[in-house]
Amino acid sequence: GTGATFLEINSTDGTVNPMVRMTNGDKTWDAGLRGDTNDCYVIRDHTASKNAVVIQSGAGVKLYNNGLEKFRTNAGGAQVFGALYAGDNTKHYFGDSNDLHIFHSSNENNIAINTVGQDLFFKSSASSAQDTTSFVVRTDGSITHPDNIQMKFGSSDDLKIYHNSSDTSSYV
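This text gives an overview of the structure that appears in the document. (Residues numbered from 1 in each chain as written. Predicted model: local features only at pLDDT ≥ 70, side-chain atom pairs only at ≥ 80, totals over all residues. Heavy atoms only, no water.)

We now examine unusual backbone geometry. The phi torsion of most residues other than glycine is negative, and most of the peptide bonds are trans. Although it is not a glycine, serine 49 sits at a positive phi angle of roughly 55 degrees. If you trace the backbone, serine 49 turns up in the loop between strand E4 (40-45) and strand E5 (50-56). (Helix = DSSP H or I, 4+ residues; strand = E, 2+ residues; numbered from the N terminus.)

Next up on the list: the side chain of arginine 44. Looking at the element boundaries, arginine 44 is found in strand E4. One buried charged residue, arginine 44, remains without a salt bridge, the closest side chain of opposite sign being aspartate 30 at 4.4 Å. (Buried < 20%, exposed > 50% of the residue type's maximum accessible area, 1.4 Å probe, protein only. Lys, Arg positive; Asp, Glu negative; His and termini not counted. Salt bridge = Lys/Arg side-chain N within 4 Å of Asp/Glu carboxyl O.)

Within this structure, the stated rule accounts for four salt bridges. One salt bridge connects arginine 21 with aspartate 30, and the closest N-O pair in it is separated by 2.7 Å. Between aspartate 119 and arginine 138 there is a salt bridge, with its nearest N and O atoms 2.6 Å apart. Here the residue aspartate 119 occupies a position in the loop between strand E11 (109-113) and strand E12 (120-124), and arginine 138 occupies one in the loop between strand E13 (132-137) and strand E14 (143-144), the gap between them amounting to 19 residues. The exposure class of aspartate 119 is partly exposed, given its relative accessible area of 24%.

Within the fold, phenylalanine 135 resides in strand E13. Through-space distance from the C-alpha of phenylalanine 135 to that of leucine 120 is 8.7 Å; in sequence the pair is 15 residues apart. What phenylalanine 135 contacts, discounting residues up to four positions off in sequence, is Leu120, Phe121, Phe122, Ile143, Thr144 and His145. (Contact = heavy atoms within 4.5 Å.)

For the rest of this paragraph, the subject is the pairing of strand E16 (residues 159-163). By the bridge criterion, five bridges tie strand E15 (residues 149-153) to E16 in an arrangement that is antiparallel. Directly across from glutamine 150, in E16, lies its bridge partner tyrosine 162. Connecting E15 to the next strand, E16, in antiparallel fashion are five residues, including glycine 154 with a positive phi near 95 degrees. (Pairing = 2+ DSSP bridges.)

Glancing now at the sheet that holds E11. Strand order in the open sheet made by the three strands is E9-E10-E11, with antiparallel pairing throughout. On the outer flanks of this sheet lie strand E9 (90-94) and E11, each paired with one strand and no other. Across the sheet, the axes of successive neighbouring strands diverge by a mean angle of 15 degrees, strand direction being ignored. Here E9 runs beside strand E10 (residues 100-104); their pairing, made up of five bridges, is antiparallel. Pairing of phenylalanine 94 across the sheet is with leucine 100, part of E10. (Axes fitted to C-alpha atoms, helices over the stretch in contact; angles between N-to-C directions.)

Now the structure itself:
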């Protein structure tokens, strides 16, 4: 490939940005400082006029795929836009003490809480109630479920368990 250094002049505000242009075959990439205060470093596909990486001082990093933002860091952590894939035999850790693990292999899936005395809550959101508990796996292995909701089992929902809060119309 070949490379060249040049100055890019912004037609809107007249700022001058030092840039490097690299060409390899039919692809050309630009890299350099951007912004009024040169606080933003950009790598972009010059041929397709699409950003690949944007690094902005104090504002994080953005990664793009074919011009579409896919990953962003910020003061609160990171965001993924689209699906996040991990291969088999991978364990993901959450929490300051890595106390929640999610593991997947070709023949096993599990969620583990490695802190004594913590229950595992499964929650769902509906338009009428945000973050409501669907069910809880207790530390003793029991499962609790909120009142007035029917639990269904089987591919055709052929086993149903229902308990209301007053115990007057519970059934299996």
